[in-house]
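# Analysis of the macromolecular model
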Amino acid sequence: MKRAIKLLLLSALAIGGGLWLTGLGGTVELRFGEWLIAAPMSVTLVLLVVVFAVLHVVLRTIGWLRGWPARRRLRLRLAAHEGAEAAVTRALVRLAAGSPEQALLEIGRARRLLGETPQLLLLAAEAERQAGREDAAAGHFRALAAREDSRFLGLRGLLRQAVAQHDFEGARALAEQAEQAEPGAVWLRQERAEMALATAAWREALALAPMGAPRAALSLAAAREEPDPLKAAELERQAFVTDPGFAPAVIAHAARLTEEGSPRRARQALEQGWAVAPHPDIAQAYLAPTQDPLERVKAAEMLARRNPQHLETHLMLGEAALRAGLTGRARAELQTAGAMPGADRRVFEALVALEKLEQGDAGHLALARAEAAAQAAPEPPQWRCGHCGTEHAHWSPRCDSCGTALSIHWNGVAAG
Ligand SMILES: [Zn+2]
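The rules behind the values
Residues numbered from 1 in each chain as written. Predicted model: local features only at pLDDT ≥ 70, side-chain atom pairs only at ≥ 80, totals over all residues. Heavy atoms only, no water. Axes fitted to C-alpha atoms, helices over the stretch in contact; angles between N-to-C directions. Helix = DSSP H or I, 4+ residues; strand = E, 2+ residues; numbered from the N terminus. Parallel < 35°, antiparallel > 145°, perpendicular 65-115°, else oblique. Left-handed = near helix turned anticlockwise from the far one by under 90°. Contact = heavy atoms within 4.5 Å. Nonpolar A, V, L, I, M, F, W, Y, C, P; charged D, E, K, R; others polar. Expected span 1.5 Å × (residues − 1). Domains from an automatic or database assignment. Buried area = accessible area lost by both parts, 1.4 Å probe. Salt bridge = Lys/Arg side-chain N within 4 Å of Asp/Glu carboxyl O. Polar contact = N/O pair within 3.5 Å; in protein donor to acceptor, adjacent residues only side chain to side chain. Pairing = 2+ DSSP bridges. Donors = N, O, S within 2.8 Å, 3.2 Å for Na, K, Ca; no water. Tetrahedral: all angles 85-135°; square planar, octahedral: opposite > 155°, others 65-115°. Buried < 20%, exposed > 50% of the residue type's maximum accessible area, 1.4 Å probe, protein only. Core = buried A, V, L, I, M, F, W, Y, C linked by side-chain atoms within 4.5 Å. Patch = residues over 30% accessible without salt bridge, like charges linked within 9 Å, V, L, I, M, F, W, Y side chains within 5 Å. Areas by Shrake-Rupley, 256 points an atom, 1.4 Å probe, with all protein chains shown as cover.

## Some words on the packing of helix H18 (residues 345-359) against helix H19 (residues 365-376)
For the pair H18 and H19, interaxial distance at closest approach is 8 Å and the crossing angle is 165°. On the basis of their axis angle, the class for H18 and H19 is roughly antiparallel. As H18 packs across H19, the resulting crossing turns out to be left-handed. Along its contact with H18, which presents Arg345, Phe348, Glu349, Leu351, Val352, Glu355 and Lys356, the element H19 presents Ala366, Leu367, Ala370, Glu371, Ala373, Ala374 and Gln375. Taken together, the residues of the contact of H18 with H19 sort by class into 8 nonpolar, 1 polar and 5 charged.

## A word on helix H8 (residues 186-198)
Over its 13 residues, H8 runs 19 Å from end to end, which matches the ideal 18 Å to within 8%, given 1.5 Å per residue. Against helix H6 (151-164), helix H7 (168-181) and helix H9 (202-208) lie the buried residues of H8.

## Digging into the domain arrangement of the protein chain
Taken as a whole, the protein chain is organised into domain 1 (80-178), domain 2 (209-289) and domain 3 (292-381). Look at where the C-alpha atoms of domain 2 and domain 3 centre, and you get two points 28 Å apart. With 10 residues of domain 2 at the interface, the matching set in domain 3 holds 12 residues. Together domain 2 and domain 3 conceal approximately 1,100 Å² of surface at their shared face, both sides included; 68% is due to carbon and sulfur atoms. Summed over the shared surface of domain 2 and domain 3, the number is 1 salt bridge. In this assembly, domain 2 and domain 3 are joined by 4 residue pairs in polar contact (both at pLDDT 80 or more). Secondary structure elements with two or more residues in the side of domain 2 that touches domain 3: helix H13 (263-276) and helix H14 (280-287). Here the side of domain 2 that touches domain 3 is composed, by residue class, of 9 nonpolar, no polar and 1 charged.

## Considerations on the sheet that holds strand E5 (residues 408-410)
If you walk across this open sheet you meet the 3 strands as E4-E3-E5, and the pairing is antiparallel. The sheet terminates laterally at strand E4 (391-392) and E5, the two strands that pair on one side only. The pairing of strand E3 (residues 383-385) with E4 spans 2 bridges and is antiparallel. Among the inter-strand pairings, Trp383 is bridged to a residue of E4, identified as His392.

## A closer look at the coordination of the zinc ion
Ideal coordination angles are 109.5 degrees for a metal with four donors arranged tetrahedrally and 90 or 180 degrees for a metal with six donors arranged octahedrally. Taken together, Cys385 (SG), Cys388 (SG), Cys399 (SG) and Cys402 (SG) make up the protein donors of the zinc ion, found 2.2 to 2.3 Å from the metal. If you look at the zinc ion, its 4 donor atoms make angles of 106 to 112° with each other, and the shape they trace is tetrahedral. Mapped onto the sequence, the residues coordinating the zinc ion show the spacing C-x2-C-x10-C-x2-C. Taken together, the residues Cys385 in strand E3 and Cys399 in the loop between E4 and E5 connect sequence positions 14 residues apart. A residue is classified by how much of its surface remains accessible, and Cys385, at 2% relative accessible area, is buried.

## A short note on the nonpolar core
In this structure, Trp202, Leu218, Leu220, Phe246, Trp395, Leu406 and Ile408 are the most contacted members of the largest nonpolar core, which totals 26 residues. Those elements giving two or more residues to this core turn out to be H9, helix H10 (215-225), helix H11 (229-242), helix H12 (247-259) and E3. A per-element tally of this core places H10 first, with 7 residues. Excluding anything up to four places from it in sequence, Trp202 contacts Leu197, Leu218, Ala221, Ala222, Glu225, Pro397, Arg398, Ala405 and Leu406.

## With respect to a nonpolar patch on the surface
Residues Val46, Val50, Val54, Val58, Leu59 and Ile62 make up a contiguous nonpolar surface patch of about 530 Å² in total accessible area. Checked against the element boundaries, Leu59 lands in helix H2 (residues 41-96).

Below, the structure is given as structure tokens:
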């Protein structure tokens, strides 16, 4: 509406101007030597307008013709992009449906239209992997890694392949390159932490350990590979402080304190561990320096004070009393332990030993009953791999049967 009014006003002005000039009269004269062209003012103005309009149309046409090849190229490129996009979508659908060969056909179409873009290289690599052709996938990953803009993508693919093939040395070199391409990438940190675990590089695994990782176990493992005794002692202390319920850390820390000439602090560490989680190895370490059987009972009583109600406490006291020949005391402790939930074969075997000590080997009723109870009792707790179930005499950061890291737990169950 506004434009129409504007046009109307302009036309009115032009007509008004024209009429005014016609009324004014006048002549435009052009003289070329002998020639003289004379025309009325109004005709000259109309001619000027017509010449201007024709020139404008000619120039616009020339401009349009000159831009035609570029417009054609753009149209073709847009068509190629649309075609490639459709092919990529079909390829993604084929990949999701588990048909990598058909996906590769679609990717090939898209590559003919667009060339080797990083997206298509990555897609082709994933399709080749799905088709089981790791070498072909590696080729695409290498092409990605050779480009500045997609370097990390290529290295990530190659790194995943190396890890899958257990080529940890190659994977570590790739991880270093990837770290340079994309410093501080979260995925890379996780991958490096897992590789450190897989290659038993415990110090690195500890440094890269994510939240919730078993830091006490990692610290102790790192201490075991640490050649510097001061650093090893500090790592053992860290393991103990992180989790005083982790018996191997308690024992290692206490052993180090004994070695450094602080037996009192060593005992305190063992007592602290017993308070959190009594473990037969702690009792053994605590009682080891005491040889006299009666003194051992006294030492056991010292430790028992830190966790008096626990099954392990009653068992430790019962066994120490039995060794010292204090049969009444042994019976009381062992029977208390035997009545507790989770009482295992160790308790009943100690009761069998007690019956034999008191009554001899003759097949009397109490001995037979104790032997039957020992047969029926559950297996004693063990260090066991949570992955393959293998039993181990001692804790170790890695199961030497199945190679899994941090899988050995007391009774096969991870604490906490
Ligand atoms: Zn295992």
